[in-house]
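Geometric and topological summary
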Amino acid sequence: MAGAFLMPFGLYNLTKQGVGRQRASLRRRLLSVRFSERRVVPMGLFSGLFRARDAPQNRTSGSAYSFFMGGSTSGKRVNERSSMQMTAVYSCVRILSEAVAGLPLHFYRYTDNGGKEKAADHPLYFLLHDEPNPEMTSFVFRETLMTHLLLWGNAYSQIIRNGKGEVIALYPLMPDRMNVERDSKGQLYYEYTVSMDDAPTVKGSTVVLPPTEVLHIPGLGFDGLVGYSPIAMAKNAIGLAIATEEYGSKFFANGAAPSGVLEHPGTIKDPQRVRESWMSQFGGSANSNKIAVLEEGMKYTPIGISPEQAQFLETRKFQINEIARIFRVPPHMVGDLEKSSFSNIEQQSLEFVKYTLEPWVTRWEQTIQRSLLSTGEKSRYFVKFNLEGLLRGDYQSRMNGYATARQNGWMSANDIRELENLDRIPTEEGGDLYLINGNMLPLHQAGAFADKTTTGEEDSDEKILELESECGDGDGTGGTDAVPQRHHRRG
């Protein structure tokens, strides 16, 4: 037990299962927190069995409930895995998980002048931006956790720290095996159930993890501690979509013919044999459009409802919109372009970023800062997803916006080139200069130029008067006509 660690989706045994000595040594250096330092609770043979899957179970001492999957009103059993077989659910989950995973994620520090800069020298920058662990990239890690968050309503990841308390690795954990509980002192702790596939050496047990070793991103929930599954909350809508799809499949598998009844005027000795003979000759899509010959007064009467009367296509369309509504994904992103046009599709895409992605991104940012940063680091560092790439308009709109920013002095040439993924212009060539139009002044100096011009004209008039006065006194004859002549010239 001393060589086992919690790894992706469970446990990993370093000393067995054919792991070489070099790899085991690397694992030991990387994952310094041993399993022996945690409490392992043995699990009984029938523990967890025969539990009512439709009934909520209290997960904490508060009001947090986790809804287990059960049968829907359509008669179809809905859970996280069966719902992914529905194309609309799969499409919505894939769109959101890939969107969050593909966003640039950077780790910043505050500067003394109130700005920010990338903290590339901090260990968390490499973990969040490049590789959270040696087995997956940042994209795969975030995609996996976001998928868990959309299906189960919670995303869990084990935090591996070194002797100094620094985070050195992050491994995702399966949310359907995690329980959030409170101890006798009211403190939260996490119980992770170990399965047979994780580590055969510790089968039938649960691992207790403190909150400092779990990165937990909860979705919408009752008490803010545990989120509830969107699949569970909308299982009736998803069950109806699954039932509709199954109805269509069976309808076409039956040769696109409704079910019916074979009527015979007498008594049939072996009805099972007649039924099997009819199905072998006329059942299935391969036998469609065949002509049946009925003997002894036998008659075929259809009893099934046609797809048109059942509004089959309308129901399937509505369920696609219903599922897209659950995940707040615009219908055009899941292939429904019926109500999309050239004039509104760009606005719908912007609303997707603002009202769908931004709340999820905020959950990620705040949870990462709360769980991975120490108390002293929270005032100096922060995590930020860059959504600007998704909010960019067409080329002409971007150029007009850049021109306005450049002329008004709040963006330099390098600021613009960085947003367009272009190389920087050297500082000595003016790449970092902030320019502004020369005819623009601060508000409190709005009349300064006019005042200066008026004062200069008055001073010029005074000098002309003095000059003419001196000239008039000098010759003794033109002094009386000097002022009228001056006004005549200006008038």
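Residues numbered from 1 in each chain as written. Predicted model: local features only at pLDDT ≥ 70, side-chain atom pairs only at ≥ 80, totals over all residues. Heavy atoms only, no water.

1. Some words on unusual backbone geometry
- Positioned with a positive phi, Arg-328 is a non-glycine residue whose angle comes to about 55°.
- Position of Arg-328 among the secondary structure elements: in the loop between helix 9 (312-327) and helix 10 (345-372). (Helix = DSSP H or I, 4+ residues; strand = E, 2+ residues; numbered from the N terminus.)

2. Section: the side chain of Arg-142
- Mapped onto the fold, Arg-142 is located in helix 5 (residues 138-152).
- Here Val-100 takes part through its backbone oxygen, which lies 3.3 Å from a polar atom of the side chain of Arg-142.
- Once you skip the residues sitting within four places of it in the chain, Arg-142 turns out to touch Val-100, Ala-101, Leu-103, Leu-105, Trp-364 and Phe-385. (Polar contact = N/O pair within 3.5 Å; in protein donor to acceptor, adjacent residues only side chain to side chain. Contact = heavy atoms within 4.5 Å.)

3. Quick look at the pattern of salt bridges
- For the coordinates displayed, the defined rule picks out eight salt bridges.
- Among the salt bridges present, the one from Arg-109 reaches Glu-117, with a minimum N-O distance of 3.4 Å.
- One salt bridge in this structure joins Arg-325 and Glu-322, with 2.4 Å as the shortest N-O distance. Remark: Glu-322 and Arg-325 occur in helix 9; sequence separation between them is three residues, near one turn of the helix.
- A single network of salt bridges, built from pairs that share partners, joins Arg-109, Glu-117 and Asp-121. (Salt bridge = Lys/Arg side-chain N within 4 Å of Asp/Glu carboxyl O.)

4. Looking at the sheet that holds strand 16 (residues 381-385)
- Strand order in the open sheet formed by three strands is 7-6-16, and the pairing between neighbours is antiparallel. If you trace the sheet from one side to the other, it starts and ends with strand 7 (116-118) and strand 16, each paired once. Direction aside, neighbouring strands of the sheet carry axes that sit 40° apart on average.
- Where strand 6 (residues 105-110) meets strand 7, three bridges bridge the pair, whose relative direction is antiparallel. For Tyr-108, the partnering residue across the bridge sits in strand 7 and is Lys-118. (Pairing = 2+ DSSP bridges. Axes fitted to C-alpha atoms, helices over the stretch in contact; angles between N-to-C directions.)

5. Details of helix 10
- Here helix 10 contains 28 residues, and its C-alpha end-to-end distance of 38 Å stays within 8% of the 40 Å for a straight helix at 1.5 Å per residue.
- Along helix 10, the sharpest change in direction is near 40° and occurs at Leu-357; proline Pro-359 comes one to four residues later. (Expected span 1.5 Å × (residues − 1). Bend = angle between axes of the 7 residues up to and from the residue.)

Keep in mind that these numbers describe shape and distance, not what the molecule does.
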